[in-house]
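Architecture and fold: a report
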Amino acid sequence: MSESSPKEQQPIYCGTPKGAPVYYGAPQNGPSYGGGPVAPAYYGGAPYYYGGAGGEEESFIGAITFTRVLRVFAQRWISVLVFVLIGLVTSFAVYRISPTIYEARAEFSIDMRRRAAQNGANPLVDPDYGTTYEEVFNTRLSEWRGERIVAKIIQRYHANFPSSAAADDELAEMLENTVLEIQRRSRLIHILVRSRSPQLAANVANVYAQAIENFTDEDNKARCDKAVAQIHEQVERQRRADGKLVDELLKFRTENKVDNLRSEREILQQSLQKVTADVLQLETETTAAAEWVKVLRSAQETPEDFGALPSAVPRSTEIGQAYVDLQKCRMELNSLLTTFTKNHPDVRVKEKQIDVLKQQFAESVSRSLATAQGNLASLRNQLAVHQGNRESLTQKIAVTDQKIVYAESGLQRLEDEKVLSSELLKQLQQNENTARLAAEQSNEIVRVGNPAGVPGVPVLPNPTVIFASGVALSFAIGLLFILVMDHLEDTVVSLADVESRLSLKVLCVLPHVRRKKREEVARFITTNRYSQFAEAVAGLRNLLDSPRYRSASQVLLLMSTQPGEGKTITSCSLAVASAQAEKKTLLVDFDLRRPQLARVWDVALDEKTSFSHALSRGDGDFAALVRASGVDNLDVIASLPPEGVDPASVLGSKIVQDFFAWAREHYDRVVIDSPPYGLVGDVVMLSALADAVMIMCCPDRTHFTPVQHAVRNLAESGATVIGVVVNDVDVDGIGSGAVKKYGCYAYGYGYGAAARGSVNSDSDDPAESQVDPSVVDEE
């Protein structure tokens, strides 16, 4: 690769680290990015220790960051909810068993106004209780809480509430615990009385306020009464005179019945309006009836000039039909005269018919005229009656108006006298009040303000305080609990966790791939070079080929802290990606106890070509072990199951070192698939022979403590851990700082119980897995 640009020299990593990322390499005026010799097992020239730089130990809840708290809460909110519910239940229990106390609040005010003596004399301040309300309150407080006032309160309480069952001792105890407090920057004083009975608390508070008012007024009452005695007598005299006027006004209204007269006048006016309307209607009907009579007389006198009649005319239909018949007969006569003479029999018969019809027409008109004349006479009689009623009502209204004018004038006179009397009484009352106020200028006046109402809500126990405190405390305890559990469970959840807690870079994030078998996933990028998974592996390859890692990426060891984290698939994928980049690559199966590559790459082996058996024999002809993978530039060295082979002894022999030397000489890149760290000690020996070590991490499966332990031990053994490869991730979750873990296949490796894994993981052993590897992992 050519010399990199300044942009390429910038740090390359995934995720959002909480602290500064740590890079490997010896310092050269700062951290080395691959430009100088590599110092094994060191980061930035200083040894790597568990917990990050300085070896600071984490607290029992781990690092407290806003992102971590949100992430843990989103994962374990049900636990917090359980704590909150427990807190609510506990708060409810405390609320139920606590005694119910009610507090009644009465209020009174104190006025400390002084009347200055005339001619510049000293103010009347006898007795002198101070010059401020606070001084007066503090001075009076001892008197208001003394035995004398307590006795008055108890006496007044029994007088006001004779049916109360409260004993004197109970009342005395309540009064002893009663609080009197002055409101700041005011002259208001509050009396706070508490009791289990709300009614008793309100009654005692009100009696207390009344007793203080009466106690203070006793010294002022005599002098004030004497000062206003004379004007008070005038007020009473004027009040009696005003009452007398009220009686006279009521008597006048009763005798003259002004209201009745007004009602009577209104009724008469309404009747007059109705009679007037009837008169107008009758006049209209009389005029029409007279016109009908005139028309009927004209028709009776000259039938030849008769025309149409209104339908309202009596017998108008009968008259009209008779007239039509007469005219018809005349027309027939005229028709006959055009043919015959007047003496013709037919003409004579028709003339007789005309005479008969004339007689019928005349009789109809006569009957209609008689009816119309009768109607006209009736209407005229009704009109005369209504006109008389109208005149009578008009006269009654005039008489009533005269009575009302007389009554209203008398009533107005009495009302004016009443107004004058009320104004005089009001003035005298104002004078009395002025004189009383002047007399009270030298007194300290106490007046009850707002009386105590019966409290409906107890002050103790306070549900708001109890439940709010219970919820807040339980929420805090629940949050602390889930943080502790999250720290104790020690499971990788987010990329930020890896970089902050392990101080290791996330080199690559491999997305989840849905395939039926491990062999398909391991060779996935050979046929899907543009998939997300292939792009991620290519990104890891490019990072290793960059100037920063180029000198330490010829021999790469992929390891995990437990089985099923995908190191075999990642090793195969990285080897394929390196081969696709025209690098001569060797993929070695150093998992001698449970080799997988022979099955993944469908390689036929026997004991002569098995890598583990060759190492056991001390056979140095490594070229004879190389098998073609079917991928250009990629060779595979695989092993058979270790029957009759002791992997621990083999890995500790010199033949392994010779193999690494041979591989470095013949290949551009060597990718080693190692056994899980912790189950066996093979990784420690292999890591010292590799240029760099990459640790596999599977979200919600990998634990921090084993990884930290492995990193520390590998660093102490001389290995170079360059970072972490996060496997089997839902890439949609990376933006939020959390990663989603799909289900994993597990294999026991012969050392413990089976664990779950993904199709990106290493095992598909149906004997020790919970899921058959031949079945698709569908969501």
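To be clear, the structure that these remarks concern was listed above.
This text gives an overview of the structure that appears in the document. (Residues numbered from 1 in each chain as written. Predicted model: local features only at pLDDT ≥ 70, side-chain atom pairs only at ≥ 80, totals over all residues. Heavy atoms only, no water.)

**Quick look at the pairing of strand 3 (residues 102-111)**
In terms of burial, strand 3 is largely enclosed, as 9 of its 10 residues are buried. Strand direction decides the pairing type here: strand 3 and strand 5 (residues 188-195), joined by 8 bridges, are antiparallel. Considered in strand 5, the bridge of arginine 105 is made with leucine 192. Where strand 3 meets strand 6 (residues 445-448), 4 bridges bridge the pair, whose relative direction is antiparallel. Paired with serine 109 across the two strands is arginine 447, which belongs to strand 6. (Buried < 20%, exposed > 50% of the residue type's maximum accessible area, 1.4 Å probe, protein only. Helix = DSSP H or I, 4+ residues; strand = E, 2+ residues; numbered from the N terminus. Pairing = 2+ DSSP bridges.)

**Remarks on the environment of glutamate 176**
Mapping glutamate 176 onto the fold places it in helix 4 (residues 168-176). Here glutamate 176 falls in the exposed class, since its relative accessible area comes to 61%. Separated by 31 residues in sequence, glutamate 176 and arginine 145 have C-alpha atoms that sit 8.0 Å apart.

**Describing the nonpolar core**
Among the nonpolar cores identified, the biggest contains 50 residues, and Leu586, Phe590, Phe611, Phe659 and Trp662 are the most heavily contacted of them. Ranked by residues supplied to this core, first place goes to helix 19 (residues 654-666) with 6 residues. Leave out the neighbours within four places in its chain, and tryptophan 662 touches Leu586, Phe622, Ala623, Val626, Ile637 and Tyr667. Ranked by size, the runner-up nonpolar core spans 42 residues in total, among them Leu507, Leu510, Ala577 and Val631. (Core = buried A, V, L, I, M, F, W, Y, C linked by side-chain atoms within 4.5 Å. Contact = heavy atoms within 4.5 Å.)

**Brief notes about the packing of helix 1 (residues 66-97) against helix 10 (residues 463-489)**
Each pair of packed helices can be summarised by the angle the axes make with each other and by the distance between the axes. Helix 10 packs onto helix 1 with a crossing angle of 140° between their chain directions and a minimal axis gap of 6 Å. Of the two elements, helix 1 crosses helix 10, and the hand of that crossing is right-handed. Along the lines of polarity and charge, the residues of the contact of helix 1 with helix 10 split into 21 nonpolar, 8 polar and 5 charged. (Axes fitted to C-alpha atoms, helices over the stretch in contact; angles between N-to-C directions. Left-handed = near helix turned anticlockwise from the far one by under 90°. Nonpolar A, V, L, I, M, F, W, Y, C, P; charged D, E, K, R; others polar.)

**Some words on the side chain of serine 612**
As for its position among the elements, serine 612 is in helix 17 (residues 611-617). Judged by its relative accessible area of 0%, serine 612 falls in the buried class. A distance of 3.3 Å separates the side chain of serine 612 from the side chain of serine 610, its partner in a polar contact. Ignoring any residue separated from it by four or fewer positions in sequence, one finds serine 612 in contact with Leu592, Ser639, Leu640 and Val645. (Polar contact = N/O pair within 3.5 Å; in protein donor to acceptor, adjacent residues only side chain to side chain.)

**Regarding unusual backbone geometry**
Backbone torsion omega between leucine 460 and proline 461 reads -10°, so that peptide bond is classified as cis. Within the fold, proline 461 resides in the loop between strand 6 and helix 10. Notably, aspartate 602 is not glycine yet its phi reads approximately 55°, a positive angle. In this structure, aspartate 602 sits in the loop between helix 16 (597-600) and helix 17. A residue is classified by how much of its surface remains accessible, and aspartate 602, at 70% relative accessible area, is exposed. Positive phi values are uncommon outside glycine, yet aspartate 728 reaches one of about 60°. Mapped onto the secondary structure, aspartate 728 falls in strand 14 (residues 721-730). Given a relative accessible area of 0%, aspartate 728 falls into the buried group.

**Topic: the pattern of salt bridges**
Taken as a whole and assessed by the stated rule, the structure comprises 20 salt bridges. Across the salt bridge formed by glutamate 332 and lysine 350, the nearest N and O atoms sit 2.5 Å from each other. Residue glutamate 332 is found in helix 8 (residues 316-337), and its partner lysine 350 is found in helix 9 (residues 345-440); the two are separated by 18 residues along the sequence. Salt bridges sharing common partners tie together Arg148, Lys152 and Glu218. (Salt bridge = Lys/Arg side-chain N within 4 Å of Asp/Glu carboxyl O.)

**A short note on the sheet that holds strand 6**
An order of 4-5-3-6 is seen for the 4 strands of this open sheet, with the pairing classed as antiparallel. The outermost strands of the open sheet, each flanked by one partner alone, are strand 4 (179-182) and strand 6. This sheet shows a mean twist of 25° between the axes of neighbouring strands, independent of strand direction. Contacting strand 3, strand 4, strand 5 and strand 6, helix 2 (residues 133-144) crosses the sheet at an angle of about 165° to strand 4.

All quantities given are derived from atomic positions and should not be read as evidence of function.
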